[in-house]
Amino acid sequence: MRLHSRSDDETLKPISSMRLSRFFLPILRETPKEAEIASHRLMLRAGMIRQEAAGIYAWLPLGFRVLKKIEQIVREEQDRAGAVELLMPTLQLADLWRESGRYDAYGPEMLRIKDRHERELLYGPTNEEMITEIFRASIRSYRDLPKNLYHIQWKFRDEQRPRFGVMRGREFLMKDAYSFDVDETGARLSYNRMFVAYLRTFARMGLKAIPMRAETGPIGGDLSHEFLILAETGESGVFCDNEVLDLPVPGEDVDYDGDLSPIVRQWTSHYAATQDVHDEARFEREVPLERRLQTRGIEVGQIFYFGTKYSVPMNAVVSGPDGVEHTIHGGSYGVGVSRLVGAIIEAFHDENGIKWPEPVAPFQVVILNLKQGGSDTDPACEQLYAALTAQGIDTLYHDLDERPGAKFAAADLIGIPWQILVGPRGLAEGKIEVKRRSDGQRELMSPADALARFDA
RNA sequence: CGGAGUGUGGCUCAGCCUGGUAGAGCACCUCGUUCGGGACGAGGGGGUCGCAGGUUCAAAUCCUGCCACUCCGACCA
């Protein structure tokens, strides 16, 4: 199988187009009874996931594509902000967690297992201990700081009650980054970099994510923000000044080495808090009545500054400019990558199915051959499919011998942003129809015009 | 972890109360007619009825235990 093709500009580009006849897309016509919320229902119906156990899902090809797209956006923005990717294992030694004191503190949410030698292991719910161990083994000088290391890896938290599909699974894919600085001043700069990176990350997925002051929970520390997207089905109650919805998101050219505090200040000066930390008196004092927004939200990320919580017990120190050892100041920064798949669907769907924002869509375009086997439609579809693929557009060609109605329903369900309808009726006039999934807008045009429109 | 439920073909469900050798719709296969918003007809394939015991001539159905899953609540990226 060819995995790559060489395009005109000599860069390697993966071939991501697909014929439905070769794909694996087990669409369900009826809604499985266990699915309560829209994203869970639609992910099951669209053949994106299959439940294997409570809170544990197999990612089928369509869902996997979206997961990968989201993961890549997260990765690009972490890299842009100066974080460095690595990959830590899912299994960790219990002894490592005894060093920080969390092995006993964490409770039954942590999955504990033993190997054949009776050694105690755990399936990592997070990686502060391990990254601190990795850091302290190699970094000795303040001159090597700051550092921010991250990985995108599967986590396991044995939730008492998993629900809402991938929004609250036990196994989930998370990006977790860890910053190391010589003092609190430096750590707060690292915190701000992640703050800004998160604003950009979620905006690139088409989401309005609002940073809110948060409790620090079992991770510890004294400075933390949760990033929530607003959705009625969210698990957290939120109170905020609706002006935060219109604040500008920093562009690609943001200087991560510069002073980011004005951006952070702008986003944090408006009232925004989850139910846990909500202060009604302050809310009423600071926000005029007409701007008070009380709704629900889905947490898609959280950032913490936790100081020396792990570096003290685990003895992570560097030599400072003064020649003496300084305990490093740390922060951790999580993004729920798999949760985002569900969260995005919650934000973008209608009664017919999903409406993917283009940056995370599993395909950009789906071609619907309205008369499979037609002497005019088949070659027209083949030409479009080949040309779009050559243009670098991820295209799904619905080439199954199904009735038009079934193809329309399937296309709406799986939510590809653009549908190209190729039928004998339009083709008789040399036209095909381009339909935008987000608003249903349709336009008749020639195949050549359609190709021009999608010329990246 | 408290409370409430559910396990019957891939999916949605009926059958269980009142035991008698397993059904429907959708999906799938074959043929034909169809074909711009989930077609129709005819024929066909597919199920250890969650698992293990027990009662009985006979268990999807009654009894006991276990397992899995779901929902409400408390808790969490």
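These notes cover the structure that comes with them. What you see is a predicted model, and the numbers here were worked out from it, not measured in a lab.

1. A few points about the overall build of chain A
Then step 1. Helices and strands together make up the secondary structure of chain A, namely 13 helices and 26 strands.
Then step 2. For chain A, the C-alpha radius of gyration of 24 Å lies close to 23 Å, the compact-globule estimate for 456 residues.
Then step 3. For chain A, the spread of C-alpha atoms along the three principal axes comes to 80 × 60 × 50 Å.
Then step 4. Taken over 456 residues, chain A has a buried fraction of 52%.
Then step 5. Here the contacts in chain A between residues at least 6 apart in sequence split such that 71% fall between residues at least 24 apart.
Then step 6. As displayed, chain A offers around 21,100 Å² of accessible surface, 48% of which is attributable to carbon and sulfur atoms.

2. What about the protein's contact with RNA strand B?
Then step 1. Around RNA strand B, a shell composed of 39 residues is seen, among which Arg 29, Arg 161, Glu 299, Glu 433 and Arg 442 lie nearest.
Then step 2. Close to the protein, within 4 Å, the atoms of RNA strand B are drawn from sugar and phosphate at a rate of 47%.
Then step 3. Within the backbone of Gly 169, an N or O atom sits 2.7 Å from a base nitrogen of RNA strand B.
Then step 4. Contact distances for RNA strand B include 3.4 Å between a base oxygen and a backbone N or O atom of Gly 423.
Then step 5. Sorting the residues of the surface near RNA strand B by element identifies strand S4 (49–53), strand S16 (292–307), helix H11 (404–414), helix H12 (424–427) and strand S25 (432–436) as the ones contributing at least two each.
Then step 6. Residue contributions to the surface near RNA strand B peak at 6 residues, all from H11.
Then step 7. Grouping the amino acids of the surface near RNA strand B by side-chain chemistry returns 11 nonpolar, 8 polar and 20 charged.

3. Observations concerning the nonpolar core
Then step 1. In this structure, Met 48, Ile 70 and Trp 356 are the most contacted members of the largest nonpolar core, which totals 83 residues.
Then step 2. Within the second largest apolar cluster, 20 residues are counted, among which are Tyr 103, Ile 139, Met 314 and Val 318.

4. Thoughts on the packing of aromatic side chains
Then step 1. Per the counting criterion, the structure on display carries 14 aromatic pairs.
Then step 2. The positively charged end of Arg 112 is found above the aromatic ring belonging to Tyr 103, 4.6 Å away from the centroid.

5. Some thoughts on the packing of helix H1 (residues 38–45) against helix H9 (residues 337–347)
Then step 1. At a minimum axis separation of 8 Å, H1 and H9 run at an interaxial angle of 105°. When the axis of H1 is compared with that of H9, the two are roughly perpendicular. The residues of H9 that touch H1, namely those facing Ala 38, Ser 39, Leu 42 and Met 43, are Val 341, Gly 342, Ile 345 and Glu 346.
Then step 2. The class makeup of the residues in the contact of H1 with H9 is 5 nonpolar, 2 polar and 1 charged.

6. Considering the pairing of S4
Then step 1. One ladder, built from 4 bridges, connects S4 with strand S5 (residues 56–59); its direction is antiparallel. By the bridge assignment for S5, Gln 51 is matched with Tyr 57.
Then step 2. Hairpin connection between S4 and S5: a loop of 2 residues separates the two successive antiparallel strands, and Gly 55 in this loop has a positive phi of roughly 70°.

7. Points about the side chain of Asp 181
Then step 1. With respect to the element layout, Asp 181 can be found in strand S11 (residues 171–181).
Then step 2. Ignoring any residue separated from it by four or fewer positions in sequence, one finds Asp 181 in contact with Leu 145, Pro 146, Gly 186, Ala 187, Ser 190, Ile 328 and His 329.

8. Describing the environment of Lys 208
Then step 1. With respect to the helices, strands and loops of the structure, Lys 208 is situated in the loop between helix H6 (184–204) and strand S12 (209–213).
Then step 2. Sequence separation between Lys 208 and Ile 229 is 21 residues; the distance between their C-alpha atoms is 5.8 Å.
Then step 3. Those residues in contact with Lys 208 that sit more than four places away from it in its chain are Leu 228, Ile 229, Leu 230 and Leu 245.
Then step 4. Among the polar contacts made by the side chain of Lys 208, one reaches the main-chain carbonyl oxygen of Leu 245 at a distance of 2.9 Å.

9. Structural notes on the packing of H6 against helix H7 (residues 261–268)
Then step 1. Closest axis-to-axis distance for the H6/H7 pair is 9 Å, and the angle between their directions is 65°. The two elements H6 and H7 cross, and the hand of that crossing is left-handed. Facing H6, whose interface residues are Asn 192, Phe 195, Val 196 and Leu 199, H7 presents Ser 261, Ile 263, Val 264, Trp 267 and Thr 268.

10. Some words on the pairing of strand S8 (residues 111–114)
Then step 1. One ladder, built from 4 bridges, connects S8 with strand S9 (residues 120–123); its direction is antiparallel. Directly across from Leu 111, in S9, lies its bridge partner Tyr 123.
Then step 2. The hairpin formed by S8 and S9 contains 5 residues between the paired strands, and Glu 118 there has a positive phi angle of roughly 65°.

11. Points about the sheet that holds strand S7 (residues 91–93)
Then step 1. The strand order across the open sheet built from 3 strands is S7-S9-S8, with neighbouring strands paired in antiparallel fashion. At either end of the open sheet lies a strand with only one pairing partner, and these are S7 and S8. The mean angle between the axes of side-by-side strands here comes to 40°, regardless of whether they run parallel or antiparallel.
Then step 2. Pairing of S7 with S9, which is carried by 3 bridges, proceeds in the antiparallel orientation. Within the sheet, the bridge partner assigned to Leu 91 lies in S9 and is Tyr 123.

12. Some thoughts on unusual backbone geometry
Then step 1. Between Leu 145 and Pro 146 the backbone carries a cis peptide bond, its omega angle lying at 0°.
Then step 2. Examined against the element boundaries, Pro 146 turns out to sit in the loop between helix H5 (128–138) and strand S10 (147–156).
Then step 3. With a phi angle near 55°, Asn 315 is a residue other than glycine that sits in the positive phi range.
Then step 4. Tracing the chain through its elements places Asn 315 in the loop between S16 and strand S17 (317–319).

Cut-off values and rules
- All residue numbers refer to positions counted from 1 along the written sequence of the respective chain.
- Here chains are named by letter from A upward and ligands by number from 1 upward, in the order in which they appear as written.
- Given that the model is predicted, a residue must reach a pLDDT of at least 70 before its local features are reported, and side-chain atom pairs must reach 80 or more before they are shown or counted; all residues, however, enter totals for whole chains, interfaces and linings.
- To obtain the side-chain values, all non-hydrogen atoms of the structure were included, while hydrogens and water were left out.
- Only runs of H or I of at least four residues qualify as helices and only runs of E of at least two qualify as strands under DSSP, and these elements are numbered from the N terminus.
- Our radius of gyration is a C-alpha quantity, and the globule rule it is checked against amounts to 2.2 Å times the number of residues to the power 0.38.
- When a residue's accessible area, from a 1.4 Å probe over protein chains only, is under 20% of the maximum for its type it is buried; when over 50% it is exposed; and in between it is partly exposed.
- By definition, residues are in contact when any of their heavy atoms lie within 4.5 Å.
- Methods summary: accessible areas were calculated by the Shrake-Rupley approach with a probe of 1.4 Å, and residue burial reflects only the protein chains presented.
- Consider each residue's heavy atoms; a residue with any of them within 4 Å of a molecule or strand counts as near.
- Definition of a polar contact: a pair of N or O atoms within 3.5 Å, with one able to donate and the other able to accept a hydrogen when the atoms are protein atoms, and with sequence-neighbouring residues admitted only if both atoms are side-chain atoms.
- Here the nonpolar group is Ala, Val, Leu, Ile, Met, Phe, Trp, Tyr, Cys and Pro; Asp, Glu, Lys and Arg are the charged ones; every other residue, Gly included, is treated as polar.
- Here the nonpolar core consists of buried residues drawn from Ala, Val, Leu, Ile, Met, Phe, Trp, Tyr and Cys, with membership extended through side-chain atoms lying within 4.5 Å.
- Think of it this way: a Phe, Tyr or Trp ring, Trp meaning its six-membered ring, pairs with another when their centres are within 6.5 Å, and the plane angle makes it stacked under 30 degrees, edge-to-face over 60, tilted otherwise.
- Note on geometry: a ring has a charge over it if NZ (lysine) or CZ (arginine) is within 6 Å of the ring centre and within 35 degrees of the ring normal.
- Helix axes are fitted only over the stretch in contact, all axes being lines through C-alpha atoms; the angle between N-to-C directions runs from 0 to 180 degrees.
- Note on terminology: angles under 35 degrees are roughly parallel, angles over 145 are roughly antiparallel, angles of 65 to 115 are roughly perpendicular, and the others are oblique.
- Two strands form a pair only when DSSP identifies at least two bridges running between them.
- The handedness criterion is simple: a crossing whose near helix is rotated anticlockwise from the far helix by less than a right angle is left-handed, and one whose near helix is rotated clockwise is right-handed.

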